[in-house]
Amino acid sequence: MEKWLMGVDLGGTTIKLAFLTANGEILHKWEVPTDISDQGKNITADINTAMEAKLHELGEDKSRILGIGMGAPGPVNAENGVIYEAVNLGWKNYPLKQSLTEKTGLPVWVDNDANTAAIGEMWKGAGAGASDMVCVTLGTGVGGGVIANGMMVQGISGAAGEIGHITAVPENGFECNCGKTGCLETVASATGIVRLALEDLKNHPESKLTDLLGANGSITAKDVVDCARNKDAYALHILDRVSFYLGYALANVANALNPEKIVIGGGVSKAGDILLKGVEAYFRKYTFLRVRESTELAIATLGNDAGVIGAAWMVKTHLLD
Ligand SMILES: [Zn+2]
């Protein structure tokens, strides 16, 4: 009987779950809501319940499952599976690996969710097996993961790869959730793009964004992208600034690490060429020759599945390799 890997991608609103083959092909995937009541103490039991219910539905039982890998939204000690902090879930120094092991009776590995997404892209996505790779996820925030020599770089306190908190605006930057100002996240995430656009919009009544703001009371990152596609000069200017911040930060990441690929994912990456052409241009401008010639920017290919695939990889690599 072929054993399955289980991947779990824990978010603040939903838990994504999947059963995968040993080769990382998704066999079954589904989602359940995240219960954040009582400081998130029901979450691991809910994962076990969701797993058992799905196995029952498929006429299988737990003996099918080799182990569980899990990505969690916060810095993690990948050695002992303690999550230092997950603000959205109410966890602080929470023994996630231990709790999920007790609830399921299965071997469990835990890592930060940006890291598991990076591993997923390395294994089955845009990384295509590259063992030196950087992943950056442009969503509501900006996440990152660094893989060197095929291993996730954790850092001394689980905080490595936090590309979103690279300082992009040294003076007078916007405040970031991390407590610092001027982080890349404040100018290159979906919320950051809106913030940048709103900053000087009052001086641009000619922009379509002014009409949209008037009509809807707010604008979205997608509005900025759509207006730029329609050659709105102010929207194009905003996207050029976003491209600069991203290209500049990623160039310096590349100058330090010279990865084979930097994989860009998340909702903002769906802006496509109108953003990425600019990122590429600034990236080339700020990388030195050997890096420019060898480090490639690539778009993530796994979408929302990257997390569960990367989580399952941890099971494979610990039990099958
Ligand atoms: Zn920050």
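Notes on the structure in this doc start here.

Conventions we followed
Residues numbered from 1 in each chain as written. Predicted model: local features only at pLDDT ≥ 70, side-chain atom pairs only at ≥ 80, totals over all residues. Heavy atoms only, no water. Helix = DSSP H or I, 4+ residues; strand = E, 2+ residues; numbered from the N terminus. Rg over C-alpha atoms; globule rule 2.2 N^0.38 Å. Buried < 20%, exposed > 50% of the residue type's maximum accessible area, 1.4 Å probe, protein only. Contact = heavy atoms within 4.5 Å. Areas by Shrake-Rupley, 256 points an atom, 1.4 Å probe, with all protein chains shown as cover. Lys, Arg positive; Asp, Glu negative; His and termini not counted. Charge placed at Lys NZ, Arg CZ, Asp CG, Glu CD. Pairing = 2+ DSSP bridges. Axes fitted to C-alpha atoms, helices over the stretch in contact; angles between N-to-C directions. Donors = N, O, S within 2.8 Å, 3.2 Å for Na, K, Ca; no water. Tetrahedral: all angles 85-135°; square planar, octahedral: opposite > 155°, others 65-115°. Expected span 1.5 Å × (residues − 1). Arc of directions from axis to C-beta. Polar contact = N/O pair within 3.5 Å; in protein donor to acceptor, adjacent residues only side chain to side chain. Phe/Tyr/Trp six-rings, centres within 6.5 Å; stacked < 30°, edge-to-face > 60°.

When its secondary structure is counted, the protein chain shows 12 helices and 13 strands. Over its C-alpha trace the protein chain gives a radius of gyration of 20 Å, about what one expects of a compact globule, namely 20 Å for 321 residues. Overall, the C-alpha framework of the protein chain stretches about 65 × 45 × 35 Å when taken along its three principal axes. Evaluated residue by residue, the protein chain yields a buried proportion of 51% over its 321 residues. Considering only contacts within the protein chain whose residues lie at least 6 apart along the sequence, 61% involve residues at least 24 apart. Working note: accessible area of the protein chain is about 14500 Å², and carbon and sulfur atoms make up 51% of it. Of the charged side chains in the protein chain, 27 are positive and 37 negative, and the gap between their average positions amounts to 3 Å.

A few words now on the sheet that holds strand E8 (residues 108–112). Paired through their backbone hydrogen bonds, the strands of a sheet run either parallel or antiparallel. Pairing within the open sheet is mixed, and its 5 strands lie in the order E3-E2-E1-E4-E8. Edge positions in the sheet fall to strand E3 (26–33) and E8, since each has one partner strand and no second. Averaged over all pairs of adjacent strands, the angle between their axes in this sheet comes to 15°, without regard to strand direction. The sheet contact formed by strand E2 (residues 14–20) and E3 spans 7 bridges and is antiparallel. When the bridges of E3 are listed, Ala18 appears paired with Lys29. The strands that helix H2 (residues 43–57) touches are strand E1 (4–10), E2, E3 and strand E4 (65–72); relative to E2, the one it contacts most, it runs at about 40°.

The next subject is the sheet that holds strand E7 (residues 91–95). Taken together, 3 strands build an open sheet; the order of strands is E5-E6-E7 and the sheet is antiparallel. At either end of the open sheet lies a strand with only one pairing partner, and these are strand E5 (76–77) and E7. With 4 bridges joining them, strand E6 (residues 82–86) and E7 adopt antiparallel strand pairing. Bridged to Val82 within E7 is Pro95. In this fold helix H3 (residues 96–104) packs onto E6 and E7, with an angle of close to 50° to the strand it touches most, E7.

Okay, the side chain of Lys316 next. As for its placement among the helices and strands, Lys316 is situated in helix H12 (residues 306–319). Note on Lys316: relative accessible area 14%, which makes it buried. Not counting residues up to four positions away in its chain, the partners in contact with Lys316 are Leu5, Ala22, Trp123 and Asp321.

Another point: the coordination of the zinc ion. Summarising the metal site, the zinc ion is bound by the protein donors His165 (ND1), Cys176 (SG), Cys178 (SG) and Cys183 (SG), whose distances to it range over 2.0 to 2.3 Å. Its 4 donor atoms give the zinc ion angles of 105 to 118° at the centre, a pattern that matches the tetrahedral case. All donors to the zinc ion come from one chain, and their sequence spacing reads H-x10-C-x1-C-x4-C. Of the two residues, His165 sits in the loop between strand E11 (151–152) and helix H5 (185–188) while Cys178 sits in the loop between E11 and H5, which places them 13 residues apart along the sequence.

What follows concerns the environment of Lys92. Its place among the elements puts Lys92 in strand E7. As for Lys92 and Asp113, which are separated by 21 residues in sequence, their C-alpha atoms are 16 Å apart. Residues contacting Lys92, with those up to four places away along its chain left out, are Ile83, Tyr84 and Glu85.

This paragraph deals with H2. Here H2 contains 15 residues, and its C-alpha end-to-end distance of 21 Å stays within 8% of the 21 Å for a straight helix at 1.5 Å per residue. By the burial criterion, the buried members of H2 are Ile43, Thr44, Ile47, Asn48, Ala50, Met51, Lys54 and Leu55. Looking straight down H2, one finds that the buried residues subtend no more than 160° of arc, so they occupy a single side. Opposite the buried face of H2, at more than 90 degrees from it, the exposed residues are His56 and Glu57. Just downstream of H2, Gly59 is the residue with a positive phi angle, here 70°.

This paragraph deals with the side chain of Thr287. In this fold, Thr287 is placed in the loop between helix H10 (273–286) and helix H11 (289–294). Within polar-contact distance, the side chain of Thr287 engages the backbone oxygen of Phe283 at 2.8 Å. A distance of 3.3 Å separates a polar side-chain atom of Thr287 from the backbone oxygen of Arg284. Contacts of Thr287, omitting those with residues within four sequence positions, involve Ala251, Ala254, Asn255 and Arg292.

On to the packing of aromatic side chains. Under the defined criterion, the tally for this structure stands at 9 aromatic pairs. Judged by centre distance (4.2 Å) and plane angle (15°), the rings of Trp91 and Tyr94 are stacked. Given a relative accessible area of 16%, Tyr94 falls into the buried group. Taken together, a centroid distance of 5.5 Å and an interplanar angle of 10° make the contact between Phe244 and Tyr248 stacked.

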